[in-house]
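Below are the chains, spelled out letter by letter.
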Amino acid sequence: MDSSEQEKVDGDIGVEKKKDKTANGYGGDGGEPKGTASSADQDSGDFYDVEIEKSNGEKEEKPPQESKEESTSISSKTEEFNDKEITINSPKIYCNARNHYLPAIKSQAHLPKPDPPATPRVERSQSLSIAETMPSIGKYISDRSSSFSAAIVRRLSSWKEDNGDLVVKNDSLNLEVTEFHIPGVKVIVKLKSEAERLGLDLKGRISFFTRSNCRDCTAVRHFFREKGLIYVEINIDVFPKREKELIERTGSSQVPQIFFNEKWYGGLTALNELRNSGEMEVKLREMVGERCPEGAPPIPVYGVDDEEEEDDVLLETVRSLRKTLPIQDRLIKMKMVKNCFSGVDLVEGIMDHLDRGRKKSVITAKLMVQKHFFHHVFGENEFEEGNHFYRFLEHEPFIMGCFNYRSSTNDSEPKPASFLADRLSKLMFAILEAYASDDRLHVNYSGIDRSEEFRRYLNVARDLQRVNMKLLSPNERLALFLNLHNAMAIHAVISIGHPEGVLDKRAFFNEFLYLVGGYPYSLNIILNGTLRRNRTSPYSFFRPFSKGDRRLELAPPKLNPLIHFGLCNGTRSSPAVRFFTADGVESELRCAAKEYFQRGAIQFNMEKRTVYLTRIIKWYNEDFGTEKDILKWVMKYLDSTQSGLLAHLLADDGHINIMYQDYDWSGNL
């Protein structure tokens, strides 16, 4: 080898070393480490799993085909371009997907290697089979994937040249992960938990008692999540029978109450002392070694109901009538009515079964109607003896479309409406705390579907079938319908998915039904029929309720336009999902409106004197008044900066252009 050839080899080796140094997370400016690099074992050939996502839809320009010597450190197996999967040595790379994993190679010098021996050429008179051509296909895929991987590694290593700033974002749905947003690249690094950082093998258990919608409980929950510690939460609103255990262990029903194994430590104040004094390590070391003793608070038993059902006092009579009454299809007022019976037959059936007089039998029949065992086929009356026809609740034509209906109606004694309203809100608060982001803009629907809280919520939804809604106060009724709408939207996403097209929206908003108080309710009926007092929905000419519909009796005495900012339909542009309490529903609605407008539901262009409002106001403009009235109404819910800009536009009485933002129908996942 002459001197020129030797210089060329030395130059190639230098270039190869520089590339390896860059791929390991070190730049060319003195070897400063990058955020995703490891400082140990720099001569090793191991891999680190780094998640990478291209931003703004940028496509990385592929470099020229690398030589085989430059790609020997990456063993590639398959490659499919155009947003398909590329598998490289076990870790996966997904182009333009949510999660991308890229093996970042640690620093290692690669020396030139000799060429493999030439394969003798085989001449054949016929074309090769697929099996015979596989080696060349595999080589082609290997070369292409190596080239593509090298391009991504170089893009990751060159981020500092564009912008040295590093933005850290906490993922509230998975607090063990931190996102590093780099220009053109998204890197996600899994952080070590407190126990892993200390090198402790915890076999004990951290548990604490909580309630739904409790600020101190939320603070304790966030503390353990940030530390990456596994804990058991016992929500006594979800598991009511555990409250007795809490009182026995602590002498009080106050929450939160924290336990390290069987030892009671205290509440939020005690946890703050533990954090400030640095004694967390001591507490964690106490749980190393033996497993959690039997004296510790037991883990909640899932799939077992705490509440016992009680049969209705009229159930035996109703079951007898279901078997003996002449139920048949009849032509009534030029309409074919299925599965109905006459009032006369009902009274006689009650007289025969209970051996009562006619007057007492009529009173019993009216009581059955109040408990929603049956209704008039046209809703003309509650019950009157004579030539009137009625139908059992399970025979109503809408019943099979109700998602809180199972194989039969709930014949248990109806629970008080106020109890069910309170139970529903507490369960849904617990679901949000466990399966939604801190700002409640993102919801983990798959986690909700598998949760015990959601299973118990479905039981509460079934109890709503025959509840007497008229016994609720106006504020209780308002809070219940707001909560029911948001809970039904979550249930609809889980059951039928997010609406994507016109037909999906119809199924989502109009055909997903609940049976509540003996009548069907959809998301559209709750919003436009009940909360908006029977007004037409956008792009519709028909009111939800016809004249005489008994559901109108449950509408609030006055329409409150703030309801639009408390209702979430599972889309990105809708308000954040939330639930309300009967005592504070008015103030909570005002807070919801302020949060929604301050999150971008109003924007300004002062030069063009244009205000950009959420499209919700356009759809329901009759609830807000004229355009100028709308701007004055909105001002009450803006922050100081937004309010100042709008006041400046309104001050000179000049013309103000009002335009409406696009609505994002994609899911709030």
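Use the structure listed above.
For the structure given in this document, a descriptive report is provided here. The shown structure was predicted, so the numbers you read here are calculated from the model rather than taken from an experiment.

1. A closer look at the overall build of the protein chain
- The secondary structure content of the protein chain amounts to 21 helices and 21 strands.
- Relative to its 669 residues, the protein chain shows a buried fraction of 46%.
- When contacts within the protein chain are restricted to residue pairs at least 6 apart in sequence, those whose partners lie at least 24 apart make up 68%.
- Only carbon and sulfur atoms are counted for the fraction: they give 49% of the accessible area of the protein chain, which is about 35,800 Å².

2. Some remarks on the nonpolar core
- Counting residues in each nonpolar core, the largest one holds 85 residues, and the members touching the most others are Tyr-457, Leu-482, Phe-597 and Val-611.
- Examining the composition of this core, we find that twelve residues originate from one element, helix α15 (residues 474-496), more than from any other.
- The residue makeup of this core includes at least three contributed by each of domain 3 (417-590) and domain 4 (594-660).
- Of all hydrophobic cores here, the second largest spans 17 residues; its members include Ile-350, Ala-365, Phe-373 and Phe-392.

3. What to know about the pairing of strand β20 (residues 610-613)
- As paired strands, strand β19 (residues 602-605) and β20 are joined by four bridges and run antiparallel to one another. Looking at the pairing, Ile-602 lines up with Leu-613 of β20.
- Here β19 hands over to β20 after four residues, with Arg-609 in that stretch at a positive phi of 50°.
- Pairing between β20 and strand β21 (residues 657-660): four bridges, direction parallel.

4. A short note on the sheet that holds strand β9 (residues 206-210)
- If you walk across this open sheet you meet the four strands as β10-β9-β11-β12, and the pairing is mixed. Each of the sheet's edge strands pairs with one partner strand only, and the pair in question is β10 (231-235) and β12 (263-266). Here the strands of the sheet are splayed against their neighbours by 25° on average, with no regard to which way each runs.
- In terms of strand pairing, β9 meets β10 through five bridges, oriented parallel. Looking across to β10, one finds that Phe-209 is bridged to Ile-234.
- Helix α6 (residues 242-250) rests against β9, β10, β11 (257-260) and β12 of the sheet, and its axis sits at about 75° to β11.
- Helix-sheet contacts for helix α7 (residues 268-277) involve β11 and β12, and the interaxial angle to β12 is about 90°.

5. Structural notes on the pattern of salt bridges
- Here the structure, examined in full by the defined rule, presents 33 salt bridges.
- Residue Lys-470 pairs with Glu-553 through a salt bridge whose shortest N-O separation is 3.0 Å. Linking Lys-470 in the loop between α14 (452-463) and α15 with Glu-553 in the loop between α17 (523-531) and α18 (585-601), this pair joins segments that are 83 residues apart in sequence.
- In this structure Lys-470 comes out as partly exposed when scored by relative accessible area, which is 46%.

What counts and how
Residues numbered from 1 in each chain as written. Predicted model: local features only at pLDDT ≥ 70, side-chain atom pairs only at ≥ 80, totals over all residues. Heavy atoms only, no water. Helix = DSSP H or I, 4+ residues; strand = E, 2+ residues; numbered from the N terminus. Buried < 20%, exposed > 50% of the residue type's maximum accessible area, 1.4 Å probe, protein only. Contact = heavy atoms within 4.5 Å. Areas by Shrake-Rupley, 256 points an atom, 1.4 Å probe, with all protein chains shown as cover. Core = buried A, V, L, I, M, F, W, Y, C linked by side-chain atoms within 4.5 Å. Domains from an automatic or database assignment. Pairing = 2+ DSSP bridges. Axes fitted to C-alpha atoms, helices over the stretch in contact; angles between N-to-C directions. Salt bridge = Lys/Arg side-chain N within 4 Å of Asp/Glu carboxyl O.

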